[in-house]
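Coordinate analysis (summary)
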Amino acid sequence: MLTVKKLTAGAAELPALTALYRAAFPENERRPLEPLLCDPAGHAEVLAFAEDGAFCGFAALLDCGGLSHIIYFAVAESRRGQGLGTQALAAMCARKAGMRVLVDIERSRADAPNRVQRLRRRRFYLRAGFAPTPVRYAWSGDDYEILSYGGSVTPEEFGRFWETLERDNAPLGQY
């Protein structure tokens, strides 16, 4: 059974989480985890997922104005393909009931070296009930699109989301 735990600085799961974070995300997408673990404004949440007491994944979310944005989500490579990602995503959406849950994914390009992975990731979210939105943007050298669960989001709402986060806790604006 999958369990979900909110983490704070000093949590026992942080070494395993940090190792997965470094393995799962390219360097250009990684930002310090500390602002997510110690957010005095209350917008950030870092979750650890475990099965039978063993760490198997994590997610980092930012909440603001009725939106919850999953900015990092990874399942340990050895645990992929076992339905844990689907369970974790469902747990996050249930935890954020009443909010629109957003995820950004790299846009598929014919010349992308990880094109197959990008397409697989998109299909995963669509199967989980996420839908395309009109939000597209460039960040850290790549092009992204926003998918949403629980209702769409406009580019203007997405912009206000980030403006509010930066105003309330400037380090969160780097994500």
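Everything that follows concerns the structure shown earlier in this document.
To start, this report covers the structure provided alongside it.

Reading the values: rules and limits
The residue numbers shown here count from 1 along each chain, following its written sequence. Only residues with pLDDT of 70 or above have their local features reported here, since the model is predicted, and side-chain atom pairs are shown and tallied only from 80 upward, although totals for entire chains, interfaces and linings are computed over all residues. In computing side-chain properties, one takes all heavy atoms of the structure into account and sets aside hydrogens as well as water. Think of it this way: any DSSP run of H or I at least four residues long counts as a helix, any run of E at least two long counts as a strand, and we number them from the N terminus. Our radius of gyration is a C-alpha quantity, and the globule rule it is checked against amounts to 2.2 Å times the number of residues to the power 0.38. We call two residues in contact when some of their heavy atoms are within 4.5 Å. Working definition: with a 1.4 Å probe on protein chains only, accessible area under 20% of the residue-type maximum means buried, over 50% means exposed, and in between means partly exposed. Neither His nor the chain termini are counted; the positive set is Lys and Arg, and the negative set is Asp and Glu. Salt-bridge detection follows one rule: a side-chain nitrogen of Lys or Arg within 4 Å of a carboxyl oxygen of Asp or Glu. Each pair of strands is called paired provided DSSP finds at least two bridges between the two strands. The convention used is that axes are lines fitted to C-alpha atoms, helices contributing only their stretch in contact, and that angles between N-to-C directions extend from 0 to 180 degrees. For a helix, the expected span equals 1.5 Å multiplied by the residue count minus one. Taken from the helix axis, the directions to the C-beta atoms give the arc we talk about.

What follows deals with the overall build of the protein chain. If you tally the helices and strands in the protein chain, you get five helices and seven strands. Against the compact-globule benchmark of 16 Å for 175 residues, the protein chain has a radius of gyration of 15 Å, which places it among compact chains. Principal-axis analysis of the C-alpha atoms places the extent of the protein chain at approximately 40 × 40 × 30 Å. The contacts in the protein chain between residues at least 6 apart in sequence include a share of 59% that link residues at least 24 apart.

Moving on to the side chain of Glu-29. Following the sequence through the fold, Glu-29 ends up in the loop between α1 (14-24) and α2 (34-37). Although buried, Glu-29 forms no salt bridge, and the nearest oppositely charged side chain, Arg-118, lies 6.7 Å from it. Once residues within four sequence positions are removed from consideration, Glu-29 is found in contact with Tyr-21, Tyr-72, Glu-106, Trp-139, Ser-140 and Tyr-144.

Right, let's get into the pattern of salt bridges. Per the stated rule, a full pass over the model turns up 12 salt bridges. Put simply, Lys-96 and Asp-63 hold a salt bridge, and the shortest N to O gap is 2.4 Å. Taken together, the residues span a long stretch of sequence, with Lys-96 in the loop between α3 (84-95) and β5 (100-106) and Asp-63 in strand β3 (residues 54-64) at a distance of 33 residues. Look at Lys-96 and you get buried, because its relative accessible area is 6%. By sharing partners, the salt bridges in this structure join Glu-45, Asp-63, Arg-95 and Lys-96 into a single network.

One open sheet accounts for seven strands, arranged β1-β2-β3-β4-β5-β7-β6; its pairing is mixed. Of all strands in the sheet, those bounded by a partner on one side alone are β1 (2-7) and β6 (131-139). Across this sheet, the average inter-strand angle for adjacent strands is 30°, counted without regard to direction. The pairing of β3 with strand β4 (residues 67-75) spans eight bridges and is antiparallel. Across the sheet, residue Leu-61 finds its bridge partner in β4, namely Ile-70.

For the rest of this paragraph, the subject is helix α5 (residues 155-168). For α5, spanning 14 residues, the distance from its first C-alpha to its last is 20 Å, which sits close to the expected 20 Å at 1.5 Å a residue. Listed as buried for α5 are Phe-158, Phe-161, Trp-162, Thr-164 and Leu-165. The buried side chains of α5 occupy one side of the element, clustering within an arc of 160° when seen end-on. Within α5, the exposed residues directed more than 90 degrees away from the buried face are Glu-156, Glu-163 and Arg-167. Structurally, α5 contributes buried residues whose contacts are with β3, β4, β5, β6 and β7 (142-149).

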